[in-house]
Amino acid sequence: MFKNLKIGTKLFLGFGILNLLFIVIGFVSWSKLDRVAVESTGLAVERFPEVEVASSIERTVVKARSEIESYCLSRSDKYLESGEVYLEATRKHLEEARVLGEKYKDLDELREGEAKARKALDEFEVLLERARTVMGNLDQALKEAAGAGETCQSIADKFLEAQNSLMKYELDAGILH
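What you are looking at is a predicted structure, and each value in this text was computed from that prediction instead of being measured. (Residues numbered from 1 in each chain as written. Predicted model: local features only at pLDDT ≥ 70, side-chain atom pairs only at ≥ 80, totals over all residues. Heavy atoms only, no water.)

(A) Representation of the overall build of the protein in the model. Looking only at helices and strands, the protein features 3 helices and 0 strands. When the elements of the protein are put in sequence order from the N terminus, they spell out α-α-α. In terms of overall dimensions, the protein has a C-alpha envelope of 155 × 35 × 20 Å along the principal axes. Looking at the protein residue by residue over its 177 residues, the buried ones come to 15%. When contacts within the protein are restricted to residue pairs at least 6 apart in sequence, long-range pairs at least 24 apart make up 59% of them. Carbon together with sulfur atoms contributes 63% to the accessible area of the protein, which is approximately 13,800 Å² in total. Between the mean site of the 25 positive side-chain charges and the mean site of the 31 negative ones, the protein shows a separation of 15 Å. (Helix = DSSP H or I, 4+ residues; strand = E, 2+ residues; numbered from the N terminus. Buried < 20%, exposed > 50% of the residue type's maximum accessible area, 1.4 Å probe, protein only. Contact = heavy atoms within 4.5 Å. Areas by Shrake-Rupley, 256 points an atom, 1.4 Å probe, with all protein chains shown as cover. Lys, Arg positive; Asp, Glu negative; His and termini not counted. Charge placed at Lys NZ, Arg CZ, Asp CG, Glu CD.)

Pasting the structure below:
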């Protein structure tokens with residue numbers, strides 16, 4: 001069939017088939033490119049904020065923990081106040097995560113992680129309140145112990161003074177040789 005065709009017709013058919021092939025490939029690529037654009041928009045709009053809020057939560061939790069550990073070791077209220085500021089920032093970031101999770105239904109892990117983190121933060125704040133109470137009791141006990149130590153030292157000083165006076169009296173009276 002192709003033997004009877006002229007060279008110009010064969011060239012026209014060959015280039016026509018190539019053009020048709022390029023058109024089909026171009027259409028398929030264009031339709032896939034549209035899908036890639038949708039996926040990249042999803043990454044920019046959903047996933048990037050998800051990662052950003054999750055890292056903010058982690059960062060504020062680490063800072064809060066460090067400040068509260070410093071408070072427990074030093075009993076300095078400045079560390080406690082700083083830790084409470086970071087805990088409040090953590091609560092704010094958890095709220096951002098909750099809103100983001102509600103807005104984008106594909107962020108299942110974020111919603112689950114936010115719920116777990118909120119529960120853990122509530123438990124941590126209960127423990128922090130207990131630590132505050134224990135630290136207050138410890139400070140009170142240390143003050144009482146210091147007072148008792150001063151009383152004991154005063155009694156010991158008076159006893160030593162009495163013993164020294166008695167020994168001097170006995171030496172002066174010739175009772176002791």
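(B) A look at helix 3 (residues 108-173). The end-to-end C-alpha separation of helix 3 is 95 Å, in line with the 98 Å expected for 66 residues at 1.5 Å each. Downstream of helix 3 by one or two residues, Gly174 has phi in the positive range, about 80 degrees. (Expected span 1.5 Å × (residues − 1).)

(C) Main features of the pattern of salt bridges. The full count for this structure, using the stated rule, is 12 salt bridges. Here Glu50 makes a salt bridge to Arg47, at a shortest N to O gap of 3.1 Å. Residue Glu50 and its partner Arg47 are located together in helix 1 (residues 7-74), separated by 3 residues, close to a single helical turn. Note on Arg47: relative accessible area 34%, which makes it partly exposed. A salt bridge links Arg118 to Glu95; its shortest N-O distance comes to 3.7 Å. (Salt bridge = Lys/Arg side-chain N within 4 Å of Asp/Glu carboxyl O.)

(D) Focus on the packing of aromatic side chains. What the rule picks out here adds up to 1 aromatic pair. Taken together, a centroid distance of 6.3 Å and an interplanar angle of 40 degrees make the contact between Phe27 and Trp30 tilted. Of this pair, Phe27 and Trp30 both sit in helix 1, 3 residues apart, which is roughly one turn of the helix. Like Phe27, the residue Trp30 is exposed in the burial classification. (Phe/Tyr/Trp six-rings, centres within 6.5 Å; stacked < 30°, edge-to-face > 60°.)

(E) Expanded view of the packing of helix 2 (residues 77-103) against helix 3. Between helix 2 and helix 3, the least distance of the axes is 9 Å, while the angle of their chain directions is 160 degrees. On the basis of their axis angle, the class for helix 2 and helix 3 is roughly antiparallel. The crossing of helix 2 and helix 3 is left-handed. In contact with Leu80, Glu84, Leu87, Thr90, Arg91, Leu94, Glu95, Ala97, Arg98, Leu100 and Gly101 of helix 2, helix 3 contributes Leu110, Arg111, Glu114, Ala117, Arg118, Leu121, Asp122, Phe124, Glu125, Leu128 and Arg132. Among the residues forming the contact of helix 2 with helix 3, the class breakdown is 10 nonpolar, 2 polar and 10 charged. (Axes fitted to C-alpha atoms, helices over the stretch in contact; angles between N-to-C directions. Parallel < 35°, antiparallel > 145°, perpendicular 65-115°, else oblique. Left-handed = near helix turned anticlockwise from the far one by under 90°. Nonpolar A, V, L, I, M, F, W, Y, C, P; charged D, E, K, R; others polar.)

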